[in-house]
Amino acid sequence: MTKHTVAILGPGGTGGLLAALLSRAGHRVVCLARQATADTLRGTGIQVRSRQFGDFTAPVEADTELREPVDACVIAVKHTTLDTALTRVPPAVLGDALVVPLLNGVEHPAALRTRYRPDRVAPAVIRVESTRLTPGLIEHGSDFVDMDLTGDTAPRPRLEALAATLSSAGVTTRVLEDETTALWSKMSFLAPFALLTTRYDLPLGEIRTRHREELEALVAETTAVSRACGAPTDPARALARYDTFPPAAKSSMQRDAEADRPLELDAIGGALLRAADRHGVPVPVAARLVRELRAAGH
């Protein structure tokens with residue numbers, strides 16, 4: 001097996017799990033975080049409790065800033081902290097490493113391409129339920145970790161090599177041809193889920209029954225915007241996915257609101273409205289929900 005060096009910017013629920021899995025598989029991992037978190041990770045490694053992988057502890061390196069070249073840098077922070085976090089990854093040090101953002105929304109790849117080499121930005125979509133309980137302690141609740149790796153501008157062999165590295169660590173990874181379709185496929189599901197659960201502070205089961213009409217209208221709006229952006233998505237299929245989710249499911253935006261943390265409202269709702277505006281797609285339900293969430297202080 002070829003040993004790779006991967007930096008993880010933001011070793012929280014998702015980033016911490018990836019760091020631990022890659023380390024356990026024999027790869028070198030450098031976690032980039034605040035000083036206190038970096039100190040903790042250097043001392044204790046990352047402890048994982050997982051339904052899929054069992055319980056294990058993996059050693060990682062940790063620092064407040066990237067100080068040497070790596071093969072790839074996974075960006076696993078939220079939009080609300082992205083600008084601050086990126087100061088930990090100086091472009092000159094990063095060199096020609098792949099930059100793999102796992103962020104919500106659709107606008108971040110363009111922003112990252114202005115900061116780093118445009119032909120090395122490889123956006124990914126990850127499906128996993130994983131929570132950081134304390135620095136260095138990760139609870140992985142789903143029995144899967146699936147990733148779609150894209151990158152319209154990145155060299156295909158580099159993407160395939162990273163996908164093989166992730167797969168060897170237990171992350172089911174596919175390389176997809178079309179970056180726009182991958183990102184909008186996630187956005188079409190996420191935007192209605194996040195906006196409605198947060199606006200009404202209800203789990204998905206109650207949203208899809210008590211607010212069914214609004215959910216259907218929002219899915220229709222989101223898929224229309226997605227189609228206009230060149231990523232056809234099927235509204236009926238999106239609705240069917242909501243109906244198969246556990247009724248108690250909450251969106252990460254709703255959890256952030258409950259914990260009084262900053263919301264990714266602009267990255268999700270704002271980006272949807274901007275794309276709709278660019279393409280002349282009417283989105284009255286989305287616009288009202290974003291307006292009401294902003295009016296509530298979010």
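Residues numbered from 1 in each chain as written. Predicted model: local features only at pLDDT ≥ 70, side-chain atom pairs only at ≥ 80, totals over all residues. Heavy atoms only, no water.

J.: Describe the packing of aromatic side chains, listing the residues and the values that go with them.
T.: The tally for this structure, following the rule as stated, stands at 4 aromatic pairs. Between F189 and Y242, the ring centres sit 4.6 Å apart and the planes meet at 15 degrees, which makes this aromatic pair stacked. Here F189 is found in helix α7 (residues 179-200), whereas its partner Y242 is found in helix α10 (residues 235-244), with 53 residues between them in sequence. Summarising the burial analysis for this pair, F189 and Y242 share the class buried. (Phe/Tyr/Trp six-rings, centres within 6.5 Å; stacked < 30°, edge-to-face > 60°. Helix = DSSP H or I, 4+ residues; strand = E, 2+ residues; numbered from the N terminus. Buried < 20%, exposed > 50% of the residue type's maximum accessible area, 1.4 Å probe, protein only.)

J.: Describe the packing of α7 against helix α13 (residues 284-295), with residues and values.
T.: Two numbers describe how α7 lies on α13: the axes approach to 10 Å, and their chain directions differ by 45 degrees. Taken together, the axis directions place α7 and α13 in an arrangement best described as oblique. Like other packed secondary-structure pairs, α7 and α13 cross with a definite hand, here left-handed. Residues L195, L196, T198, R199 and Y200 of α7 lie in contact with α13, whose contacting residues are R288, L289, V290, E292 and L293. Split by residue class, the contact of α7 with α13 holds 6 nonpolar, 1 polar and 3 charged. (Axes fitted to C-alpha atoms, helices over the stretch in contact; angles between N-to-C directions. Parallel < 35°, antiparallel > 145°, perpendicular 65-115°, else oblique. Left-handed = near helix turned anticlockwise from the far one by under 90°. Contact = heavy atoms within 4.5 Å. Nonpolar A, V, L, I, M, F, W, Y, C, P; charged D, E, K, R; others polar.)

J.: Provide a residue-level description of the pattern of salt bridges, including the pertinent values.
T.: Counting across every chain of the model gives 26 salt bridges. Several salt bridges share partner residues, and in doing so they unite D96, R117, D119, R120 and R158 into one network. (Salt bridge = Lys/Arg side-chain N within 4 Å of Asp/Glu carboxyl O.)

J.: I'd like to hear about the nonpolar core, residue by residue, with values.
T.: One finds W184, V225 and Y242 to be the most contacted residues of the largest nonpolar core, which totals 40 residues. Those elements giving two or more residues to this core turn out to be α7, α8 (204-210), α9 (212-228), α10, α12 (265-279) and α13. Considering each element in turn, this core owes the most residues, 10 residues, to α7. Other than its neighbours up to four places away in sequence, V225 contacts W184, L272, A275, A276, V281 and V283. Residues A72, L102, A124 and L166 belong to the second largest nonpolar core, which totals 39 residues. (Core = buried A, V, L, I, M, F, W, Y, C linked by side-chain atoms within 4.5 Å.)

J.: Let's hear about the sheet that holds strand β12 (residues 172-175): which residues, and what values?
T.: A sheet is described by the order of its strands in space; here 3 strands give the open sequence β8-β11-β12, paired in mixed fashion. Only two strands of the sheet have a single partner each, and these edge strands are β8 (124-127) and β12. Along the sheet, successive strands turn relative to each other by an average axial angle of 15 degrees, direction set aside. Inspection of the sheet shows strand β11 (residues 146-149) paired to β12 by 4 bridges, in the parallel sense. Residue pairing for β12: D148 is matched across the bridge by R174. (Pairing = 2+ DSSP bridges.)

J.: An account of the pairing of strand β7 (residues 98-101) is needed here, citing residue identities and associated values.
T.: Burial of the side chains of β7 extends over both faces: L98 and V100 are buried on one face and V99 and P101 on the other. Sheet analysis places strand β6 (residues 72-75) next to β7, joined by 4 bridges and oriented parallel. When the bridges of β7 are listed, C73 appears paired with V99.

J.: Which residues make up the packing of α7 against α12, and what values go with them?
T.: The geometry of α7 relative to α12 is characterised by a closest axis approach of 10 Å and an angle of 115 degrees between their N-to-C directions. Viewed along their axes, α7 and α12 adopt a mutual orientation that is roughly perpendicular. As α7 runs across α12, the sense of the crossing is left-handed. Between α7 and α12, the contacting residues are W184, M187, L190, A191, A194 and L195 on the first element and L265, A267, I268, G269, A271, L272 and A275 on the second. For the contact of α7 with α12, a count of residues per class yields 12 nonpolar, 1 polar and no charged.

J.: I'd like a description of the sheet that holds β6, backed by residues and values.
T.: Strand order across the open sheet formed by 5 strands is β5-β2-β1-β6-β7, with parallel pairing between neighbours. Looking at strand neighbours, the two that pair on one side only are β5 (61-63) and β7, the edges of this open sheet. Across the sheet, the axes of successive neighbouring strands diverge by a mean angle of 20 degrees, strand direction being ignored. Of the strand pairs in this sheet, strand β2 (residues 28-32) and β5 are connected by 3 bridges, and their pairing is parallel. Opposite C31, over in β5, you have A62 as the bridge partner. Strand contacts of helix α2 (residues 35-44): β2 and β5, with the helix running at about 165 degrees to β5, the strand carrying the most contacts.

J.: I'd like a description of the environment of L202, backed by residues and values.
T.: Checked against the element boundaries, L202 lands in the loop between α7 and α8. L202 sits in the buried class, given a relative accessible area of 12%. Sequence separation of L202 and L273 is 71 residues, and the distance between their C-alpha atoms is 23 Å.

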